[in-house]
Amino acid sequence: MKHAGIVKKSDFITWLASREAVITSERLIRRHKELVSSVSAMEVRNVKETVFPGFGTLFSYRWEDRRWIIEDIPVTAKKCTVLVHPCEATALNEVLDRVFMNGEHPERDYEKLRSSLELVTIACEEPESTCFCRMVGGDPFRRVPDTLFVVPLEDRLYVECEEPNVWELWKKCVKVPSEVEKEIAEKEKKSREALPDPPLSEEVPEQLYRLFEDEEWDNIAWKCLNCGACTYLCPTCYCFDIHADGRLKGYQLRSWDACMFPRFTLHASGHNPRPGYRERVRQRVLHKFSYFPMREEGRFGCVGCGACVEVCPVNWDIREAVQRMVKKSGAGYARSS
Amino acid sequence: MYEDKIRKIAWDLLEKGNVDFIIGWEKGSLPFLTAPLICRDVAETERLVWNPFCANNLARYLKYYKGGKEKIALCVKGCDARAVSVLLREEQIERERLVLIGLPCHGLINPKKLLENFPDITPGEVEWEEGILRIRGKEENIVHLLEGSCTRCRYPDPPIHDFLVGEKLGEGYAESSEVEDMLEYYDKMSTEEREEFFAREMERCIRCYACRNACPLCYCQECFAESTRPSWVSPAPLAFDNLLFQLGRTMHMAGRCVECGACGRSCPVEIPIDILPEKVAESIRKEFGFESGLDTGETAPLLTYREDDQEDFIK
Ligand code: SF4
Ligand code: SF4
Ligand code: SF4
Ligand code: SF4
Ligand code: SF4
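Now for a description of the structure that goes with this document. If you're wondering where the values come from, they're calculated on a predicted model, not measured in any experiment.

A word on unusual backbone geometry
Right, so step 1: A cis geometry characterises the amide bond from Arg229 of chain B onward to Pro230 of chain B, with omega recorded as 0°.
Right, so step 2: Relative to the helices and strands, Pro230 of chain B resides in the loop between helix H7 (210-214) and helix H8 (239-253).

Thoughts on the nonpolar core
Right, so step 1: Phe289 and Trp316 of chain A together with Ile22, Ile23 and Val84 of chain B are the most contacted members of the largest nonpolar core, which totals 88 residues.
Right, so step 2: For this core, the leading source of residues is helix H2 (residues 78-89) of chain B, giving 7 residues.
Right, so step 3: Setting aside chain neighbours within four positions, we find Trp316 of chain A in contact with Ile220, Ala221, Lys223, Cys224, Val281, Arg284, Val285 and Ala321 of chain A.

Section: the site of ligand 5
Right, so step 1: As a structural note, the neighbourhood of ligand 5 is formed by 13 residues, with Cys215, Cys257, Cys260, Gly261 and Cys263 of chain B the closest of them.
Right, so step 2: Grouping the constituent residues of the shell around ligand 5 by class yields 9 nonpolar, 1 polar and 3 charged.

A word on the sheet that holds strand S6 (residues 80-84) of chain A
Residue and element names in this part refer to chain A.
Right, so step 1: Pairing in this open sheet of 7 strands is mixed, and the strands run S1-S9-S8-S7-S6-S2-S3 from one edge to the other. The sheet is open, and its two edges are formed by strand S1 (3-8) and strand S3 (41-44), each paired on a single side. Shown here is a sheet whose adjacent strand axes are inclined to one another by a mean of 25°, direction ignored.
Right, so step 2: Pairing of S1 with strand S9 (residues 156-161) involves 6 bridges; the strand directions are antiparallel.

Section: H2 of chain B
All names here are of chain B.
Right, so step 1: For H2, spanning 12 residues, the distance from its first C-alpha to its last is 17 Å, which sits close to the expected 16 Å at 1.5 Å a residue.
Right, so step 2: Judged by how many residues are buried, H2 sits mostly within the fold: 11 of 12 residues are covered.
Right, so step 3: For H2, the set of buried residues is Gly78, Cys79, Asp80, Ala81, Arg82, Ala83, Val84, Ser85, Val86, Leu87 and Leu88.
Right, so step 4: Check the buried side of H2 and you find it contacts strand S1 (21-27), strand S4 (72-76) and strand S5 (98-102).

Concerning a nonpolar patch on the surface
Right, so step 1: Taken together, the side chains of Trp63, Trp68, Ile70 and Leu248 of chain A present a nonpolar region at the surface, about 440 Å² in accessible area.
Right, so step 2: With respect to the helices, strands and loops of the structure, Trp68 of chain A is situated in strand S5 (residues 67-72).

Here's the deal with a negative patch on the surface
Right, so step 1: On the surface, a cluster of negative charge is made up of Asp4, Glu46, Glu127, Glu129, Glu130 and Glu167 of chain B.
Right, so step 2: Mapped onto the elements of the fold, Asp4 of chain B is located in helix H1 (residues 2-15).

Focus on the pattern of salt bridges
Right, so step 1: Tallied over the entire structure, the rule returns 54 salt bridges over all chains.
Right, so step 2: A salt bridge links Arg154 of chain B to Glu291 of chain B, with the nearest nitrogen and oxygen atoms 2.4 Å apart. Taken together, the residues span a long stretch of sequence, with Arg154 of chain B in the loop between helix H4 (148-151) and strand S9 (163-164) and Glu291 of chain B in the segment after helix H10 (275-288) at a distance of 137 residues. Glu291 of chain B carries the same exposure label as Arg154 of chain B, and that label is buried.
Right, so step 3: One network of salt bridges, in which partners are shared, links Lys2, Asp139, Arg143, Glu160, Glu188 and Arg192 of chain A.

Definitions and cut-offs
- Residues numbered from 1 in each chain as written.
- Chains lettered and ligands numbered in written order.
- Predicted model: local features only at pLDDT ≥ 70, side-chain atom pairs only at ≥ 80, totals over all residues.
- Heavy atoms only, no water.
- Helix = DSSP H or I, 4+ residues; strand = E, 2+ residues; numbered from the N terminus.
- Core = buried A, V, L, I, M, F, W, Y, C linked by side-chain atoms within 4.5 Å.
- Buried < 20%, exposed > 50% of the residue type's maximum accessible area, 1.4 Å probe, protein only.
- Contact = heavy atoms within 4.5 Å.
- Near = heavy atom within 4 Å.
- Nonpolar A, V, L, I, M, F, W, Y, C, P; charged D, E, K, R; others polar.
- Pairing = 2+ DSSP bridges.
- Axes fitted to C-alpha atoms, helices over the stretch in contact; angles between N-to-C directions.
- Expected span 1.5 Å × (residues − 1).
- Patch = residues over 30% accessible without salt bridge, like charges linked within 9 Å, V, L, I, M, F, W, Y side chains within 5 Å.
- Areas by Shrake-Rupley, 256 points an atom, 1.4 Å probe, with all protein chains shown as cover.
- Salt bridge = Lys/Arg side-chain N within 4 Å of Asp/Glu carboxyl O.
- Lys, Arg positive; Asp, Glu negative; His and termini not counted.
- Charge placed at Lys NZ, Arg CZ, Asp CG, Glu CD.

So, in structure tokens, the structure goes:
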């Protein structure tokens, strides 16, 4: 059930200031400084840092009296309110949660960090030239489940949620006047129209899979530098490496890793199943657009935030790669709604 | 127009079978960006562009073809050609396999600076024709919009080339430019300030290796930073290890770096990391009178060993 309300901007800011900690993403600050400037908000470049940091310690170890002593180091988590855009909220809710909290064995640290977050989704009125959330099932006005959905208006905010009881802010909300409802619908339409790429069809994952051996990958991959800029700044890339820091005494660390690095799949034998840029770039595309959705009920492993497009030093654009392969596969786009 | 000339050269080379492919730049998917392009077919040469946004150092792609037989035509700015010259000296590629399309370079425009100086500018409002920049119809001085490495440039003309498209420029901006860039700013810092500066910047580094991978001269099969036995640098992006990586990279660049700035431009978190190798290049120029990539046949100072070396630490 959807509940909608209107709240004064000042009340929203007061509510934010009353939260234990506030985190926002860089792109949100770029667009909505006014919402967070008076709160001491921590800024993250990439929303996944809140639940899956660049590096962390798993346990400590030392060799003492001829035996190993191992001490667990669980993460410490504190309650945080996270203000992000729909794509970023989707990355947490529908991609990373599926990876780290699905099934019987949730990842302990992730679960702890994740359950201490409350997400506020701020609608996007001005999609950027790198945005393509609609192509992968998203929307600039997407009501991401379990989050507080907010559309900033002149001096008020339009708010929507499923469970008003969990949001203290709700007490300050009043009924939505019909002209505001109309205004929201218009904004929504306008913003959606600013995103030219229509949603990919449901067949895309299967069809791309069939193109695994296609020669086109070579052309697509050629210019990529095989660095880690895109994957490290992608909110849905979740690969990591585990390594020991210290020989007889030290810490077991976990840090991000990337399928774009040659060593990522290097076997101890010296064999590398993904020896060249072709195989590595194909992995990045297919993981997000084929393997992940095939396994996860059609959910693409990419949320279309465009962070990778923005940071790539050679302008390797994942949209172009996917569109080229989709065209080849004949899968095409869903009928636009 | 220069672009047409480049396309014509590329077309002829492919058509006559003189090369297997052309490496150049094409229009990017975002405003004020280009992307590296490989043309294997004459029809693709239409996509080649040449403008102040051709930021990638294309010599970087030559490492793919080491030991191969392909004949390669490469578009080169001054610094790209210097990088090729270093690769030749280091026997990474054979001169006979290369056709260099030399492009005297007026400098690269930093897209961020462009947007700061001209808010809401669109690509259609920026015209570039044979060294003259027009923004919204008005002629503009490019100097204030340049990338840092370009304000320091001393060799805008490719020192080696087979074709030359455009007039030689002779001097770069190094002598004339009044614009203070990152390196000058760095020079003014005290030792403590520098330490603080790098501590702060290295805290932000995510160790994506974009800087290393964009560099035309980093071609090691196994980078010391990724070696596991022994492990010199932790794979975790800890500030200290990030610095260790950068210092290692800088030392490996000593006497080799061609000051193209590609490393700094690639950094996704905008660390001006090019100042490290470029500072060392400057020291080598001042101390040894040596400049990398000028095709002089001289060996690089840090790559030589002489029994009669006047410094005794070497013995
Ligand atoms: S796509 Fe771009 S950012 Fe990603 S690995 Fe390739 S060069 Fe780096
Ligand atoms: S692949 Fe690119 S667009 Fe997709 S989620 Fe990752 S960073 Fe965003
Ligand atoms: S991709 Fe862009 S428009 Fe879509 S939700 Fe993300 S920031 Fe908003
Ligand atoms: S490109 Fe930047 S973030 Fe990446 S390793 Fe180099 S300095 Fe660090
Ligand atoms: S170290 Fe940086 S400036 Fe020097 S050659 Fe490499 S990319 Fe160019």
